[in-house]
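Now for the letters of each chain:
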Amino acid sequence: MDLSVLITQMLILFLLILCGYAAARGHVLKKEDVPVLSKVVLNLGIPGVVLSSVGEGCALSASEIFLCLAGFLAFTVFCALLGKITVKLLKIQADKRLYEFMYTFSNVGFMGLPVVQAVLGEEVMIYAMLFLIPNNLVLFSYGEYLMRDTRGFSLRSFFSPPIVASLLAVGICLLNLRFPYPIAKVISYVGGITTPLAMIIIGITLLGVQGKEIIKNKDLLVFLVVKMLVLPLVGYGLLYVLSVPEVMVHILILLMAMPIPANTIIYASLYKKNVSLASQTSVLTSLVCIVTIPMVFFVISLLSSF
């Protein structure tokens, strides 16, 4: 892997976070603006990202698409089970649902796809895009259920704009359709707001965060080690046992080793969770992944040599 490209991607996102922080410090934006900005990302930006990823059609056959989707869905469910088991093993009580969400999901859309493209090449992007579909289905259904902290399941909530966009993306792949150029550009522009706006939201919520709070939070420090190092290696163990092709292993583990989703901040804001913890974790995982991702793949290379 080209580590310099990887580090550059992380640096760009971190600088976007700093832009949001500077805007909040300069009173250009306020914390009260976060819910509105969050709705823009969830209801416009993310559907744009999903649809633009399949806007130029799909070269895979229907059977290959179904096989990939089934395998990726199974891996996503595995990550959800791994997240629930991890929270139980660590006996986390405070912010339990938030930690379960953060252990389960990674920043696949905002950070993962650009990093996969830069590090692994354009030829594997079709698989990374297909992974985005079941990941979004689980993220915006089970993930939102976790953050709502309710026992019921809302069908209306399930069919949110991101879910509808994901289902449309599956149909587009199966039928190998292409958007007309004007529509494709509009969708691309709408999707283009997602990453910078999501990072700016993180920056805004950082205002007032104290470094001492992070050091005192043992659960958060343990989280960094388990989420960013241990779980990706556990995922590799499963894929190795199942004899998954190497290129798929690289894609899935690279995506699994990404920071927590920027959506974490958005959901924490919308559903009155611990926004400060979500912001701290998002920034910290974005920073430490510059080191932990190379470490994960270094360990994998050592294990592969045996």
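Above this note sits the structure.
Residues numbered from 1 in each chain as written. Predicted model: local features only at pLDDT ≥ 70, side-chain atom pairs only at ≥ 80, totals over all residues. Heavy atoms only, no water.

Enquirer: In this structure, what is going on with the packing of aromatic side chains? I would like to understand it.
Expert: Each aromatic ring pair is described using two quantities: the centre-to-centre distance and the angle formed by the ring planes. Tallied over the full model, the rule gives 9 aromatic pairs. Seen in terms of ring centroids, Phe-101 and Phe-105 are 5.1 Å apart; in terms of plane orientation they differ by 50 degrees. Their pairing is tilted. Taking relative accessible area as the criterion, Phe-101 reaches 0% and is therefore assigned buried. Given the relative accessible area of 2%, Phe-105 is considered buried. Ring plane angle 85 degrees and centroid distance 5.9 Å describe the contact between Phe-101 and Tyr-267, whose orientation is recorded as edge-to-face. With Phe-101 in helix α4 (residues 96–104) and Tyr-267 in helix α14 (residues 263–270), this residue pair connects regions lying 166 residues apart in the sequence. The same class applies to Phe-101 as to Tyr-267, namely buried. (Phe/Tyr/Trp six-rings, centres within 6.5 Å; stacked < 30°, edge-to-face > 60°. Buried < 20%, exposed > 50% of the residue type's maximum accessible area, 1.4 Å probe, protein only. Helix = DSSP H or I, 4+ residues; strand = E, 2+ residues; numbered from the N terminus.)

Enquirer: Even after reading the chapter, I still don't get the pattern of salt bridges, so can you show me in this structure?
Expert: Side chains that carry opposite charge are capable of pairing whenever their charged atoms lie near each other. Within the structure shown, the criterion is met by 1 salt bridge. Salt-bridge contacts for Glu-100 lead to Lys-84; the nearest nitrogen and oxygen are separated by 2.9 Å. With Glu-100 in helix α4 and Lys-84 in helix α3 (residues 62–89), this residue pair connects regions lying 16 residues apart in the sequence. (Salt bridge = Lys/Arg side-chain N within 4 Å of Asp/Glu carboxyl O.)

Enquirer: Can you walk me through the side chain of Thr-285 in this structure?
Expert: Relative to the elements of secondary structure, Thr-285 occurs in helix α15 (residues 275–304). A polar contact of 2.7 Å, which involves the side chain of Thr-285, links it to the backbone oxygen of Thr-281. Here the side chain of Thr-285 touches Ser-282 through a polar contact of 3.1 Å, landing on its backbone oxygen. In contact with Thr-285, other than residues within four places in its own chain, are Phe-223, Leu-224, Met-228, Pro-259 and Ile-260. (Polar contact = N/O pair within 3.5 Å; in protein donor to acceptor, adjacent residues only side chain to side chain. Contact = heavy atoms within 4.5 Å.)

Enquirer: Whenever I open this one, the packing of helix α2 (residues 34–52) against helix α9 (residues 181–192) confuses me. Can you help?
Expert: Angle between the axes and distance between the axes: these two values describe a pair of packed helices. Where α2 meets α9, the closest approach of the two axes is 7 Å, and the angle between their N-to-C directions is 130 degrees. What the angle tells us is that α2 and α9 run oblique. With respect to the hand of their crossing, α2 and α9 are arranged in left-handed fashion. Mapping the contact onto sequence places Leu-44, Gly-45, Gly-48, Val-49, Leu-51 and Ser-52 in α2 and Ile-187, Ser-188, Val-190 and Gly-191 in α9. Classifying every residue of the contact of α2 with α9 gives 5 nonpolar, 5 polar and no charged. (Axes fitted to C-alpha atoms, helices over the stretch in contact; angles between N-to-C directions. Parallel < 35°, antiparallel > 145°, perpendicular 65-115°, else oblique. Left-handed = near helix turned anticlockwise from the far one by under 90°. Nonpolar A, V, L, I, M, F, W, Y, C, P; charged D, E, K, R; others polar.)

Everything listed here is a matter of geometry and, on its own, says nothing about what the molecule does.
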